[in-house]
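Fold and contact review
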2 protein chains.
Amino acid sequence: MANKASSRLEWRINVPGGTSKVLEPESGAVGKIWVGLKGCMGIIVWKVWRVLENAWHIGVADPRKVIHCIKVGLALSIVSLFYYMRPLYDDFGGNAMWAVMTVVVVFEYTVGATFYKCINRVIATFLAGALGVGIHLVAEQSGDQLKPIILGISVFLFASAATFSRFIPSVKARFDYGAMIFILTFSLVSVSGYRVVELFELAHMRLSTIAIGTSLCILVTMLFCPVWAGCELHHLIHQNMEKLADSLDGCVTEYFKENGSEEDLKKKMQGYKCVLNSKAAEESMANFARWEPTHGRFNFRHPWKQYLKIGASLRNCAYCIETLNSCISSEIQAPPCLRKHFSNKCMKASSYSINVLKELAITIMKMKKSSNIDIKVAEMNFAVEELVDALKSLPTTHFIATTTGEESTKAKAEGVEGSEHPSPIIKVLPLVKVVSLMVEIATRIGGVVNAVKELARLAEFKAAKDGKPKQNQPTDKLVSDH
Amino acid sequence: MANKASSRLEWRINVPGGTSKVLEPESGAVGKIWVGLKGCMGIIVWKVWRVLENAWHIGVADPRKVIHCIKVGLALSIVSLFYYMRPLYDDFGGNAMWAVMTVVVVFEYTVGATFYKCINRVIATFLAGALGVGIHLVAEQSGDQLKPIILGISVFLFASAATFSRFIPSVKARFDYGAMIFILTFSLVSVSGYRVVELFELAHMRLSTIAIGTSLCILVTMLFCPVWAGCELHHLIHQNMEKLADSLDGCVTEYFKENGSEEDLKKKMQGYKCVLNSKAAEESMANFARWEPTHGRFNFRHPWKQYLKIGASLRNCAYCIETLNSCISSEIQAPPCLRKHFSNKCMKASSYSINVLKELAITIMKMKKSSNIDIKVAEMNFAVEELVDALKSLPTTHFIATTTGEESTKAKAEGVEGSEHPSPIIKVLPLVKVVSLMVEIATRIGGVVNAVKELARLAEFKAAKDGKPKQNQPTDKLVSDH
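Residues numbered from 1 in each chain as written. Chains lettered and ligands numbered in written order. Predicted model: local features only at pLDDT ≥ 70, side-chain atom pairs only at ≥ 80, totals over all residues. Heavy atoms only, no water.

The next subject is a positive patch on the surface. Positive charge collects at one region of the surface, where Arg174(A), Arg301(A), Lys305(A) and Lys309(A) lie side by side. Positionally, Arg174(A) belongs in helix 8 (residues 169-192). (Patch = residues over 30% accessible without salt bridge, like charges linked within 9 Å, V, L, I, M, F, W, Y side chains within 5 Å. Areas by Shrake-Rupley, 256 points an atom, 1.4 Å probe, with all protein chains shown as cover. Salt bridge = Lys/Arg side-chain N within 4 Å of Asp/Glu carboxyl O. Lys, Arg positive; Asp, Glu negative; His and termini not counted. Charge placed at Lys NZ, Arg CZ, Asp CG, Glu CD. Helix = DSSP H or I, 4+ residues; strand = E, 2+ residues; numbered from the N terminus.)

This is the structure:
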């Protein structure tokens, strides 16, 4: 593909070059203009090429987007049949235009968004049409003088009120598009009514063409490779959980390893940024998901709002990981002996935290209650306890050892090598920070666990059957700690 | 207002109650239905009342939203004149509908958004119209058999391609609406062309009605209390900076004060959450701002993108403040004597950091280079240095004092009271965390300073004239630290 295109590019550049040689003897000005044009053409071709390349990558990364485009083309081609086929055209005439418009405006990437727009459009058109006809009838009774005044005032009032309703958050979330269509239809009906006698006919036409357009959209969007907003949200939350686990893993590994960092690790560490930035996407998907009918494993009344809570708790973790990430690049680092001492404990705590996150990700992916999440949480809490204990024992070994120099033998016996720095608190500061952030992250993962458990309760997840035999289950006391 | 409404509410409930007594002897079933209806009515009235109350609060909080609604009503009323006035109607006929539609669809809250939609609509309509007419002419040459096939394929291809272009981020940011209008117009022209003979006439009509609609929108939106997206963005960034300063102030005060927290302080502390959540708003405003013409203090090519960078650096600070906030609610707290020792230094560092943030907020608000930002940054860095020094000196005084118990007199002489706890590291952990977060926050405020300086350079801010006399300016070395 790239070869083919580059040869085409060469061809474009070569051919004008070839002709310019023929033109050269004609005139200098023409030659200059030609060269200028050639330059412009080159830049334009290059820019268009860049956009196409970009588009190609997008299409390869998510072929469903390409399918969506084909679906839009298909729906439009089908609705065009209303024009091309005489019998249908004779029924609807110029009003068939509304069907085309509906398809263009209403067809969205996800099923939920399409449903949201379809339902809003139909209901708003019906309400506004009925209201418009009603006011038109009232105005008709008031005589020719008053009629335009009544119609004008009603347009002003209803348009203003509907516009204002779009500022109310609860209305905006569900009926923003409906409010716009209400204004549109009401203005058109009350304004057209002034001229067109067959007002009921018009309203009927508009409603039926819109019904045809919306049902076509819903059919096409649901029958050909449907993209469900609910599934997307589900997938996003699951993915974000894994990214968070990877980031945590990457950060802790990066901090405690001795060699320089690899590109792979760096990339892995950046996963938390996706979590930080996915709030808007989550909210819009949850908004659309509630319009979707039962599909796959999701009921009509699936608790989509709980996904937002899980997303918020994940972001809560991500804030901490962001701070943790900045510790890594901190200039002051703890002495290597101390780092080695804490390395194992920290890695253990982080790997148990990651285990919990991965288990939660699996719970969400499979939509089955995890049989061993409590064990994993207990393991995490136990590892964090150990880490805190290690920190607690730090001053009685290392600090004294380094500051008074008396107990260095005792410290050595405990596996911590003495160090000769006079002010260790500033030296251990980054380490203490990392450890305390690990503790904080574990606490926040507890919040994620609770949110996922609440989801499992609300969505009535079934218990997983393939529960592994419960080994070394800690006591309940540990589970409730932290 | 509320009194009046509640009396009206009572009236509604009282009157049916009064009449039900009269109806009672008639029949039991009718009575039950009546009671049921009464209940439903009550609930509906209550719900509508809640929404109205909500709307009232929104209107009081930002009267510009009410003005926007009046503007929409006004624009629609003006465009309706095309129908009511015979001469204008005779010129445009049914096509005047497009002007009404344009006003409804294009009129947005900010001037930038209205411009974005207007320009997109006009250009896309023109391009799609021209292309549609061109393809129609080509199809005309191919005979009646091939014509519908050519038209159908062209609709399919162009609709798919334009839909796909909406997935490319650079296109989506600037031309999303244009792509939709392109598909709409192209489909309508190529489909109508099959029937309507006067295709050029139609294209001309649609273009001129859209031009009327868009110019009316632009006039109304710019002449009556315009809301500039650029100003809003400017204001949002300025406000977020102040909120961040307040949060930092609130958190540090809350942590170090002895008494219980007040409601006021709690509310103040939550300001950073606005900063965390304002990414989407900032991006959409920056997107719209670049469509706006020169207004007030902002040129056409004002560096709006730099505001996004400032916003990102503010969010960077907010992540740290979020972590700081969680330290406050931590169960384990440092011993009071230690907290007192650090209280002053921490408060000093935080107040200097707040000074820097407030100075930056003033720089942005006034759009004038601050004459003493460097001094304030130096003061902040100096205070942070002192804080770090205090932390450095901690083990040689307090730790020894508490763990070996030998040097408690020396510690007392230095103003730190001895404590009898055996493992101080866990006790000082929250304090060390707070201090290290303060240091980190100061570093990140440095990032905000750089971003604001870059903005001042790009937007060519003038130097402030009312620079206060430079007192106690620290050396340059300190400024460059941290």
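Another point: the packing of helix 6 (residues 111-141) of chain B against helix 7 (residues 143-165) of chain B. Residues and elements named next belong to chain B. Two elements in contact, helix 6 and helix 7, have axes separated by 7 Å at closest approach and are oriented at 150°. By the criterion of interaxial angle, the relationship of helix 6 to helix 7 is roughly antiparallel. The two elements helix 6 and helix 7 meet at a crossing, and its hand is right-handed. In this structure, helix 6 uses Leu131, Ile135, His136, Ala139, Glu140 and Gln141 to contact helix 7, whose residues at the interface are Gly143, Lys147, Ile150, Leu151, Ser154 and Phe158. (Axes fitted to C-alpha atoms, helices over the stretch in contact; angles between N-to-C directions. Parallel < 35°, antiparallel > 145°, perpendicular 65-115°, else oblique. Left-handed = near helix turned anticlockwise from the far one by under 90°. Contact = heavy atoms within 4.5 Å.)

We now examine the packing of aromatic side chains. Residues and elements named next belong to chain A. Per the stated rule, a full pass over the model turns up 21 aromatic pairs over all chains. Summarising the aromatic geometry, the rings of Phe182 and Phe186 are spaced 6.1 Å apart at their centres and angled 0° between planes, so their arrangement reads as stacked. Here Phe182 pairs with Phe186, and both are found in helix 8, just 4 residues apart, close to one helical turn. Neither residue differs from the other here; Phe182 and Phe186 are each classed as buried. (Phe/Tyr/Trp six-rings, centres within 6.5 Å; stacked < 30°, edge-to-face > 60°. Buried < 20%, exposed > 50% of the residue type's maximum accessible area, 1.4 Å probe, protein only.)

We now examine helix 2 (residues 28-61) of chain A. Counting along an α-helix, one turn takes 3.6 residues, and residues three or four places apart therefore face a common direction. With 34 residues, helix 2 of chain A should reach 50 Å at 1.5 Å per residue; the first-to-last C-alpha distance of 49 Å fits that figure. Regarding helix 2 of chain A, the residues found buried are Val45(A), Ala55(A), Ile58(A) and Gly59(A). (Expected span 1.5 Å × (residues − 1).)

All names here are of chain A. This chain's UniProt record puts "transmembrane region" (unreviewed entry) on residues 66-84, 96-115, 122-139, 145-165, 177-197 and 209-231. Across residues 96-115, the secondary structure splits into 80% helix and 0% strand, with the terminal C-alpha atoms separated by 21 Å. Between the C-alpha atoms that bound residues 122-139 the distance is 25 Å, and the span itself is 100% helix and 0% strand. (UniProt positions renumbered as here; feature names shortened; annotations may be inferred.)

This part takes up empty space enclosed by the protein. Taken as a whole and assessed by the stated rule, the structure comprises 1 cavity of 30 Å³ or more. Approximately 40 Å³ is the volume attributed to the largest cavity. As for the largest cavity, its lining consists of Thr323(A), Lys433(A), Ser436(A), Leu437(A), Thr323(B), Lys433(B), Ser436(B) and Leu437(B). Elements represented by at least two residues in the lining of the largest cavity include exactly helix 19 (424-458) of chain A together with helix 19 (424-458) of chain B. Class assignment of the residues belonging to the lining of the largest cavity gives a composition of 2 nonpolar, 4 polar and 2 charged. (1 Å grid on protein atoms, 1.4 Å probe; cavity = no way out; pocket = protein on both sides within 12 Å on 5 of 7 lines; lining within 4 Å. Points joined across faces, edges and corners; volume = space filled by probe spheres on them. Nonpolar A, V, L, I, M, F, W, Y, C, P; charged D, E, K, R; others polar.)

All names here are of chain A. In this model, chain A carries an average pLDDT of 78, and 78% of its residues clear a pLDDT of 70 or more. The element-level mean pLDDT for chain A is lowest in helix 20 (residues 476-480), coming to 37, with helix 13 (residues 279-289) highest at 91. Contacts from residues 1-25, a stretch scored under 50 in pLDDT, to residues over four places away or in other chains number 11 contacts. Scored below 50 in pLDDT, residues 467-482 makes 22 contacts in the model with residues more than four places away or belonging to other chains. The ipTM assigned to the predicted complex is 0.79, against a pTM of 0.80. (pLDDT = per-residue confidence, 0-100.)

To continue, consider the pattern of salt bridges. Residues and elements named next belong to chain B. For the coordinates displayed, the defined rule picks out 32 salt bridges over all chains. In this structure, Asp62 engages Arg64 in a salt bridge whose closest nitrogen and oxygen atoms are separated by 3.3 Å. Since its relative accessible area comes to 18%, Asp62 is described here as buried. A relative accessible area of 32% means that Arg64 is categorised as partly exposed.

On to the domain arrangement of chain A. Residue and element names in this part refer to chain A. Here chain A is partitioned into domain 1 (46-221) and domain 2 (227-393 + 423-461). The straight-line distance from the C-alpha centre of domain 1 to that of domain 2 is 44 Å. Note that Arg64 is salt-bridged to Glu232, the shortest N-O span being 2.7 Å. The tally of links between domain 1 and domain 2 comes to 3 residue pairs in polar contact (both at pLDDT 80 or more). Only helix 6 (111-141) and helix 8 provide two or more residues apiece to the side of domain 1 that touches domain 2. Top contributing element to the side of domain 1 that touches domain 2 by residue count: helix 6, with 7 residues. A per-class count over the side of domain 1 that touches domain 2 returns 8 nonpolar, 3 polar and 2 charged. (Domains from an automatic or database assignment. Polar contact = N/O pair within 3.5 Å; in protein donor to acceptor, adjacent residues only side chain to side chain.)

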